Amino acid sequence: MKFFVDTADVAEIRSLAGTGLLDGVTTNPSLIAKSGRKMSEVIAEICALVPGPVSAEVTATDHETMLKEGRYLRAIAPNVAVKVPLTEAGLRTCKVLAEEGTPVNVTLCFSANQALLAAKAGAAFISPFVGRLDDIGQDGMGLIADVVQIYRNYAFKTEVLVASIRHPVHVLQAARLGAHVGTMPPAVIRALFRHPLTDKGLEAFLADWAKTGQSIL
Ligand code: G3P
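If you're wondering where the values come from, they're calculated on a predicted model, not measured in any experiment.

Undergrad: Explain the site of the ligand to me, please; I cannot follow it from the model alone.
TA: Lining the immediate surroundings of the ligand are Asp6, Asn28, Lys83, Phe129, Arg132, Ala163, Ser164 and Arg166. One nitrogen or oxygen atom from the side chain of aspartate 6 is found 2.6 Å from an oxygen atom belonging to the ligand. The fraction of the free accessible surface of the ligand (310 Å²) that becomes covered by protein chains is 83%. Judged by its atoms lying within 2 Å of the grid points, the ligand is housed in the largest pocket. Residue classes in the shell around the ligand are distributed as two nonpolar, two polar and four charged.

Now the structure itself:
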């Protein structure tokens, strides 16, 4: 499973990119607003740090303006993936951009039928929001299972990008279901490294090692 980080915080992205485990980045208008910076500058900086796809989201709601915004964003760097919302105008825009060779991430997906439409529109990625479905008492991971199955049934190339991940169990469930990508906040990625028994075991190994008086180098 590919790991994308869901943030527009360049310092966080730089730090996570240093692990060599980061496959891409997703942003959205709320995350750009939180950065307090000009969108085109932030996206250009992120694209220079991470070679994988960097999602930059349009903010227009009509097809013509979405298309102009999508082309503008795509011109920022060759690894920009244009993000469009799952609306009729968004999918029209997705189809045109995809035909032009632009990878499109269709976002704000909350049903399997929406995901089916996005695949038919040529999306490179579909972003079902699991956390926001869980928040309202619906089954976020059930949606991922459906979308993975439906895409397999028809051999769609669209990758299932699990979004709105809130905790490590979401990551585990997404991986079990065979989702292609998970995008998650930096804190969730960092939490994946940790286990109390790793810390405890390392502490004991190092204490025993210190008693030997040896050093490897
Ligand atoms: O970027 C889209 C998605 O990952 C947002 O997550 O936590 O705001 O529901 P969240």
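Undergrad: For this particular structure, what's the right way to read the nonpolar core?
TA: Among soluble globular proteins, nonpolar side chains are generally buried collectively. Among the nonpolar cores identified, the biggest contains 58 residues, and Val106, Ile126, Tyr151, Val160 and Val162 are the most heavily contacted of them. When residues in this core are grouped by element, the largest group, seven residues, is from helix H8 (residues 140-153). Setting aside chain neighbours within four positions, we find tyrosine 151 in contact with Ala115, Leu116, Ala118, Ala119, Ile126, Phe156, Thr158 and Val160. Within the second largest apolar cluster, six residues are counted, among which are Phe125, Phe129, Leu161 and Val181.

Undergrad: I would appreciate a short explanation of the layout of surface pockets in the present structure.
TA: Gaps left between atoms show up when a probe the size of a water molecule is rolled over them. Volume-wise, the largest pocket comes out at about 410 Å³. The wall of the largest pocket is formed by 25 residues, among which Asp6, Thr7, Asn28, Leu31 and Pro185 lie closest to the centre. Contributing elements (two or more residues each) for the lining of the largest pocket: helix H2 (29-35) and strand E5 (104-109). Ranked by residue count, the leading element in the lining of the largest pocket is H2, at four residues. Tallied by class, the residues present in the lining of the largest pocket amount to eight nonpolar, ten polar and seven charged.

Undergrad: Whenever I open this one, the sheet that holds strand E3 (residues 54-57) confuses me. Can you help?
TA: In a beta sheet, neighbouring strands are held together by backbone hydrogen bonds and run either parallel or antiparallel to one another. In space, the eight strands of this closed barrel follow the order E1-E2-E3-E4-E5-E6-E7-E8, with parallel pairing throughout. When the angles between neighbouring strand axes are averaged without regard to direction, this sheet yields 30°. By the bridge criterion, four bridges tie strand E4 (residues 80-85) to E5 in an arrangement that is parallel. Of the residues in E5, the one forming a bridge with lysine 83 is asparagine 105. Contacts between helix H5 (residues 88-99) and the sheet are confined to E4 and E5, with E4 contributing the most and set at about 155° to the helix.

Calculation criteria
- Residues numbered from 1 in each chain as written.
- Predicted model: local features only at pLDDT ≥ 70, side-chain atom pairs only at ≥ 80, totals over all residues.
- Heavy atoms only, no water.
- Near = heavy atom within 4 Å.
- Polar contact = N/O pair within 3.5 Å; in protein donor to acceptor, adjacent residues only side chain to side chain.
- Areas by Shrake-Rupley, 256 points an atom, 1.4 Å probe, with all protein chains shown as cover.
- 1 Å grid on protein atoms, 1.4 Å probe; cavity = no way out; pocket = protein on both sides within 12 Å on 5 of 7 lines; lining within 4 Å.
- Sits in = over half its atoms within 2 Å of the grid points.
- Nonpolar A, V, L, I, M, F, W, Y, C, P; charged D, E, K, R; others polar.
- Core = buried A, V, L, I, M, F, W, Y, C linked by side-chain atoms within 4.5 Å.
- Buried < 20%, exposed > 50% of the residue type's maximum accessible area, 1.4 Å probe, protein only.
- Helix = DSSP H or I, 4+ residues; strand = E, 2+ residues; numbered from the N terminus.
- Contact = heavy atoms within 4.5 Å.
- Points joined across faces, edges and corners; volume = space filled by probe spheres on them.
- Pairing = 2+ DSSP bridges.
- Axes fitted to C-alpha atoms, helices over the stretch in contact; angles between N-to-C directions.

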